[in-house]
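This is what each chain is made of:
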Amino acid sequence: MILTVTPNAALDVTYRVARLEQGGSTRVTAVDERAGGKGVNVSRVLQGLGVDTAVSGFAGGATGRAVRTDLIVADLPDAMVGIRAETRRTVAVVDEGAGTTSVLLEPGPEVAATEWAELVVRFTGLVRSAKAVVLSGSLPPGLPVDAYATLVRIGRAHDRPVVLDTDGEPLLAALQERPTLVKPNVEELLAATGETDPRAAISALRAAGAQSVVASMGEDGLIAVAPGEAWQAGPPSRVAGNPTGAGDAAVAALAAGLAAGTPWPRMVRRAVALSAASVAAPLAGSYDAELYGRLCRRVVARPFAT
């Protein structure tokens, strides 16, 4: 089982429109609501890959109940901690005419110290049966900036691979606990380190404690630097669609690879293929299985010197 933790889980609302009229009225052609947040998306992709997974984090209020109901519908094991405050929503507007997606992110709920303590206890119990752990997304108000550092420390104490996908101060605070892998996108990578070159920024994160770093480079794919090796891979051509969950799909492939002991070149190829295949799917947390299969055969991982 791969355990995902999404402290700032959400109810994802996706609107599809033929053309978004800026400053005017736009008729919605389709709407979808389902449990979301980065870790939830990772678990959905893992489930699609046939990998056992469980979902943890916080859920509260009517929106939180909707999130947990959808987890049941999706057959995703619910290990969420209930809170008093209302779970947030995110709204994605997919403009099919322009081929773009705009995302509105509500602030997260205020989490009490007792609720955070409950999550730590639950996480400690669950990690014992996990093959890998994924910690994803922003921290909601009320959590300490070193919340991820605490969870990384627990995961590493149980000798579990820990994948961390966050940014800013929570990322920097967690590095001292030596997460197995951190996966920022290129903007987050440069912002966290103050560097202007992605490879120099990766070196800075590794010097600060990250054992491995995989950076999402958008349409150019991924750069991965691990102990003793470095790889770069990208899709053979641009994939049109909704890129909202592409990074989460890459994290799912990386976590599954770490849990299975997959060699880095194959793991990077699969992460690129799955990320691109998720762009072709309508909703974050899903992917085009046929396209994924084709891309797995076509993506090439190339070594480079660090």
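Just above sits the structure.
Residues numbered from 1 in each chain as written. Predicted model: local features only at pLDDT ≥ 70, side-chain atom pairs only at ≥ 80, totals over all residues. Heavy atoms only, no water.

Enquirer: Describe the overall build of the protein, with residues and values.
Expert: The secondary structure content of the protein amounts to ten helices and 14 strands. Its C-alpha atoms give the protein a radius of gyration of 18 Å, near enough to 19 Å, the size a compact globule of 306 residues would have. The dimensions of the protein, computed from C-alpha atoms along their principal axes, are 55 × 45 × 40 Å. Within the protein, the fraction of its 306 residues that count as buried is 53%. Contacts in the protein between residues far apart in sequence, at least 24 positions, make up 66% of those at least 6 positions apart. (Helix = DSSP H or I, 4+ residues; strand = E, 2+ residues; numbered from the N terminus. Rg over C-alpha atoms; globule rule 2.2 N^0.38 Å. Buried < 20%, exposed > 50% of the residue type's maximum accessible area, 1.4 Å probe, protein only. Contact = heavy atoms within 4.5 Å.)

Enquirer: Hey, could you go over the packing of helix H6 (residues 186-193) against helix H7 (residues 198-208) for me, with residue numbers and the actual values?
Expert: To describe two helices that pack against each other, one gives the angle between their axes and the distance between the axes. Relative orientation of the contacting elements H6 and H7 amounts to 60 degrees, with a least axis distance of 9 Å. Regarding the angle of H6 to H7, the classification is oblique. In the packing of H6 onto H7, the handedness of the crossing is left-handed. Contacts between H6 and H7 involve Val186, Leu189, Leu190 and Thr193 on the former and, on the latter, Pro198, Ala201, Ile202, Ala204 and Leu205. Of the residues in the contact of H6 with H7, the class split is eight nonpolar, one polar and no charged. (Axes fitted to C-alpha atoms, helices over the stretch in contact; angles between N-to-C directions. Parallel < 35°, antiparallel > 145°, perpendicular 65-115°, else oblique. Left-handed = near helix turned anticlockwise from the far one by under 90°. Nonpolar A, V, L, I, M, F, W, Y, C, P; charged D, E, K, R; others polar.)

Enquirer: Help me get a handle on a nonpolar patch on the surface, residues and values and all.
Expert: Where nonpolar side chains cluster on the molecular surface, the patch consists of Tyr15, Val28 and Val31 and spans about 240 Å² of accessible area. Considering the arrangement of structural elements, one finds Val28 in strand S3 (residues 28-36). (Patch = residues over 30% accessible without salt bridge, like charges linked within 9 Å, V, L, I, M, F, W, Y side chains within 5 Å. Areas by Shrake-Rupley, 256 points an atom, 1.4 Å probe, with all protein chains shown as cover. Salt bridge = Lys/Arg side-chain N within 4 Å of Asp/Glu carboxyl O.)

Enquirer: Explain the pairing of strand S4 (residues 53-60) residue by residue, including any values.
Expert: Looking along a regular strand, one sees side chains alternate from face to face of the sheet. With eight of eight residues buried, S4 lies mostly within the body of the structure. Of the two faces of S4, the one carrying Thr53, Val55, Gly57 and Ala59 and the one carrying Ala54, Ser56, Phe58 and Gly60 are both buried. Where strand S1 (residues 2-6) lies against S4, five bridges are found, and the strand directions are parallel. Pairing of Ile2 across the sheet is with Thr53, part of S4. Here six bridges tie S4 to strand S5 (residues 78-83), and the two strands are oriented parallel to one another. What sits directly across from Phe58, in S5, is Val81. For the handedness criterion, the β-α-β arrangement of S4, helix H2 (residues 61-73) and S5 is classed as right-handed. (Pairing = 2+ DSSP bridges. Right-handed = clockwise from strand over helix to strand, strands pointing away.)

Enquirer: I'd love a proper account of the pattern of salt bridges, names of residues and values included.
Expert: Within this structure, the stated rule accounts for ten salt bridges. Here Arg16 ties to Glu96 by a salt bridge, and the two come within 2.9 Å at their closest N and O atoms. A residue pair is termed long-range when its members are at least 10 positions apart, and Arg16 in strand S2 (residues 10-17) and Glu96 in the loop between strand S6 (88-95) and strand S7 (100-105) qualify at 80 residues. Taking the relative accessible area as the measure of exposure, Glu96 reaches 43% and is therefore partly exposed. Here Asp248 makes a salt bridge to Lys38, at a shortest N to O gap of 2.9 Å.

Enquirer: Describe the packing of helix H1 (residues 38-48) against helix H8 (residues 246-260), listing the residues and the values that go with them.
Expert: Following both chains from N to C, one finds H1 and H8 inclined at 60 degrees, their axes separated by 8 Å at the closest point. Considering their axes alone, H1 and H8 lie oblique with respect to each other. With respect to the hand of their crossing, H1 and H8 are arranged in right-handed fashion. For the pair H1 and H8, the contacting residues are Lys38, Asn41, Val42, Val45 and Leu46 in the first and Asp248, Ala249, Val251, Ala252 and Ala256 in the second.

Enquirer: Explain the sheet that holds S3 to me, using residue names and the numbers behind them.
Expert: The mixed open sheet is built from four strands, whose spatial order is S3-S2-S6-S7. Two strands lie at the open edges of the sheet, namely S3 and S7, each paired on one side alone. Put simply, the sheet's adjacent strands are angled 15 degrees from each other on average, direction ignored. Two strands pair when backbone bridges link them, and S6 and S7 are joined in this way by six bridges, in the antiparallel orientation. Within S7, the position partnered with Thr90 by the bridge is Leu105. Contacting S2 and S3, H1 runs over the sheet at an angle of about 95 degrees to S3. In the packing of H2 onto the sheet, contacts are made with S2, S3 and S6, and the angle to S3 comes to roughly 85 degrees.

Enquirer: Provide a residue-level description of the side chain of Ser136, including the pertinent values.
Expert: Within the secondary structure layout, Ser136 lies in strand S8 (residues 132-136). Among the residues examined, Ser136 registers a relative accessible area of 0% and is labelled buried. Excluding its chain neighbours within four sequence positions, the residues that come into contact with Ser136 are Val5, Thr6, Pro7, Lys38, Gly39, Val42, Tyr148 and Asp165.

Enquirer: Can you tell me about the sheet that holds S5, naming the residues and giving the values?
Expert: Taken in spatial order, the ten strands make up an open sheet running S5-S4-S1-S8-S9-S10-S11-S12-S13-S14, and their pairing is mixed. What marks the edges here is a single partner per strand, and that holds for S5 and strand S14 (301-303). Its contacts with the sheet put helix H3 (residues 113-127) on S1, S4, S5 and S8, and the angle it makes with S5 is roughly 170 degrees.

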